[in-house]
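# Notes for the structure review
Residue-level listing of the chains:
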Amino acid sequence: MTQTTDFHSFRHGQFDITVLSDGDIALGGEIFAPEGNAEQRNTILHRLGGEGGTANAQSNIPLIVTGNEVMLVDVGAGRRFQPSEGKLEDNLRAVGVAPADITSIVISHAHPDHIWGMLRDDGSLRFPNARYFVGWTEWNFWIGEAAGALPKELQPFVEGARRDLMAITDRMTLVADGDEIIPGMTVLATPGHTAGHISLVLEGDVPLIVTVDATASEIVSFEHPEWSFGFDMDPELAVRTRHALLEKAASENAKLLGFHWTYPGVGRIEKVADGYRFHGLTSKAVQS
Ligand SMILES: [Zn+2]
């Protein structure tokens, strides 16, 4: 792989990981912290470098290389969702990887910013040679009646999820909690953000947990784990899941990689009196 950019790369166990980006999305305080008051929301937006009532949420997509596998976790939004997104393919090419080189893709959940990059404008698969791993609960939810019964304003999400999931049925493996995707990479069910949201645990000196949207904000998810995130579809379940995930991460001193955190979205957490504190790792610290 030719490293021609300053994307953040680190080695974890047997995995070479480069955090790519699909772009960012401007979100308001009511999304970052639905339960926060006006002052708390403003403080959060300010700490995230936001202005004018919004702050940017990143889209950190890890490229994971090990043995013959060249893997991605999620495929980004393509150009179907927000104009600031859809940069994954260009960024992948910038590190010397063509879409056809991708061997495996894990889909964490079927929200637009994670799956709508599945197809090109002509309807062909963006990553034509990949096999896909999808949580079976997530699959059942979006394909089944539950998604059809969602409110009208969420139906575009349902149509998009069905379009992209149906496009990969002949190359898809459905997975559940504890399943091994490849040696050293295991599914961790983290439901609540969506019905079948999954995270990944990668073996190393300590575990690396790719939490995706189970911890959507590096501020709110840790300092206020009892608060929901604006796009949590089952907020109560999401909160229970988050508490369990944070307890596990803190007790195992795990490294965490979050999808929407300030780039590169890698760090550790520490348990403190009233929640957790996030320590983002610099490039140097992660490699050492
Ligand atoms: Zn997301």
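Numbers given to residues run from 1 along each chain, matching the order in which its sequence is written. Given that this is a predicted model, residues contribute local features only at a pLDDT of at least 70 and side-chain atom pairs are listed and counted only at 80 or more, while totals for whole chains, interfaces and linings are drawn from all residues. In computing side-chain values, all of the structure's heavy atoms are included and hydrogens and water are not.

## Observations regarding the pattern of salt bridges
Oppositely charged side chains can pair when the atoms bearing their charge come close. Should a side-chain nitrogen of Lys or Arg be within 4 Å of a carboxyl oxygen of Asp or Glu, the pair is scored as a salt bridge. Summed over all chains, the structure comprises eleven salt bridges. Asp121 is paired through a salt bridge with Arg79; the nearest N and O atoms lie 3.3 Å apart. A residue pair is termed long-range when its members are at least 10 positions apart, and Asp121 in the loop between helix H4 (112-115) and strand E6 (131-135) and Arg79 in the loop between strand E4 (69-73) and helix H3 (88-94) qualify at 42 residues. This pair shows no difference in class: Asp121 is exposed, exactly as Arg79 is. Between Lys248 and Glu252 there is a salt bridge, with the nearest N and O atoms lying 3.3 Å from each other. Taken together, the salt bridges that share partners define one network made up of Glu89, Arg93, Arg120 and Arg126. In this text, helices come from DSSP runs of H or I with a minimum length of four residues, and strands from runs of E with a minimum of two, each type numbered from the N-terminal end. Under the scheme applied here, a residue whose accessible area is under 20% of the maximum for its type counts as buried, over 50% as exposed, and between as partly exposed, the area being computed with a 1.4 Å probe on protein chains only.

## Regarding helix H7 (residues 155-166)
Counted at 1.5 Å a residue, the expected span for H7 with its twelve residues is 16 Å, and the 16 Å between its end C-alpha atoms agrees. Taken together, the buried positions of H7 are occupied by Phe157, Val158, Gly160, Ala161, Asp164 and Leu165. On an axial view of H7, the arc spanned by its buried residues comes to 165 degrees, and they lie on one face. How far a helix is expected to stretch is found by multiplying one less than its residue total by 1.5 Å. Each C-beta atom gives one direction from the helix axis, and the arc is the one those directions make.

## Remarks on the sheet that holds strand E2 (residues 15-28)
Two modes of strand pairing occur in sheets, parallel and antiparallel, and in both the strands are linked by backbone hydrogen bonds. Taking strand neighbours across the sheet as the criterion, the seven strands line up as E1-E2-E3-E4-E5-E6-E7 in an open arrangement whose pairing is mixed. Two strands in the sheet have a free side with no partner beyond their single neighbour: strand E1 (8-12) and strand E7 (172-175). Going from strand to strand, the sheet's axes swing by 25 degrees on average, the running direction of each strand aside. Strand pairing is defined by DSSP finding a minimum of two bridges between the two strands. Bridge analysis of E2 against strand E3 (residues 54-66) gives eleven bridges, and the strand direction is antiparallel. Residue pairing for E3: Asp24 is matched across the bridge by Gln58. Note on contacts: a residue pair qualifies if any of its non-hydrogen atoms lie within 4.5 Å across the two residues. Think of each axis as a best-fit line through the C-alpha atoms, taken over the contacting stretch in the case of a helix, with angles from 0 to 180 degrees between the N-to-C directions. Helix H5 (residues 136-143) rests against E6 and E7 of the sheet, and its axis sits at about 80 degrees to E6.

## Remarks on the coordination of the zinc ion
Here a donor is any nitrogen, oxygen or sulfur atom (N, O, S) within 2.8 Å of the metal, with 3.2 Å used for Na, K and Ca; water is not among the atoms considered, so some sites may look incomplete. Those donors, Asp113 (OD), His114 (NE2), Asp213 (OD) and His260 (NE2), are the protein atoms that reach the zinc ion, and they lie 2.0 to 2.3 Å from it. For a four-donor site, all angles between 85 and 135 degrees give tetrahedral; for four or six donors, opposite pairs above 155 degrees with the remaining angles between 65 and 115 give square planar or octahedral; all remaining cases count as irregular. In this structure, the zinc ion is coordinated by four donor atoms arranged in irregular fashion, with angles at the metal of 84 to 169 degrees.

## Some thoughts on the confidence of the model for the chain
Per-residue confidence from the predictor is reported as pLDDT, which spans 0 to 100. With 96% of its residues at a pLDDT of 70 or more, the chain shows a mean pLDDT of 94. Contacts of residues 283-288 to residues separated by more than four positions or lying in other chains number eight contacts, the stretch itself having pLDDT below 50.

## Things to note about the pairing of strand E13 (residues 266-272)
Residues in a regular strand point their side chains to alternate faces of the sheet. Strand direction decides the pairing type here: strand E12 (residues 255-258) and E13, joined by two bridges, are antiparallel. Across the sheet, the residue bridging to Leu256 is Gly267, located in E13. Bridge count between E13 and strand E14 (residues 275-280): six bridges; the pairing is antiparallel. Directly across from Ile269, in E14, lies its bridge partner Phe278. Between E13 and E14, which follow one another and run antiparallel, lie two residues.

## What to know about the side chain of Asp113
Relative to the helices and strands, Asp113 resides in helix H4. Positive residues here are Lys and Arg, negative ones are Asp and Glu, while His and the chain termini are left out of the count. No salt bridge is formed by the buried Asp113, whose closest oppositely charged neighbour, Arg163, lies at an N-O distance of 11 Å. At a separation of 3.1 Å, a polar atom in the side chain of Asp113 contacts the side chain of His114. By the criterion applied in these results, polar contacts are pairs of N or O atoms within 3.5 Å in which, for protein atoms, one can donate a hydrogen and the other can accept it, and in which residues neighboring in sequence qualify only through two side-chain atoms. Only 2.9 Å separates the side chain of Asp113 from the side chain of His260, close enough to count as a polar contact.

## Observations regarding helix H9 (residues 235-251)
The end-to-end C-alpha distance of H9, which contains 17 residues, comes to 24 Å, matching closely the 24 Å that a straight helix rising 1.5 Å per residue would cover. Residues of H9 that are buried: Ala238, Val239, Thr241, Arg242, Leu245, Leu246 and Ala249. Angular distribution of buried residues about the axis of H9 spans 165 degrees; they occupy a single face of the element. Exposed side of H9, more than 90 degrees from the buried face: Glu236, Arg240 and Ser251 are the residues found there. On its buried face, H9 is in contact with strand E9 (185-189), strand E11 (208-212), helix H8 (220-223), E12, E13 and E14. Of the residues flanking the end of H9, it is Asn253, one or two places downstream, whose phi is positive at about 55 degrees.

## Here's the deal with the sheet that holds E12
Spatial ordering of the open sheet is given by E8-E9-E10-E11-E12-E13-E14, a layout of seven strands whose pairing is mixed. Edge strands, defined here as strands with exactly one partner in the open sheet, are strand E8 (180-182) and E14. Sheet twist, expressed as the average angle between the axes of neighbouring strands with direction ignored, equals 35 degrees. Across two bridges, E8 lies against E9 in antiparallel orientation.

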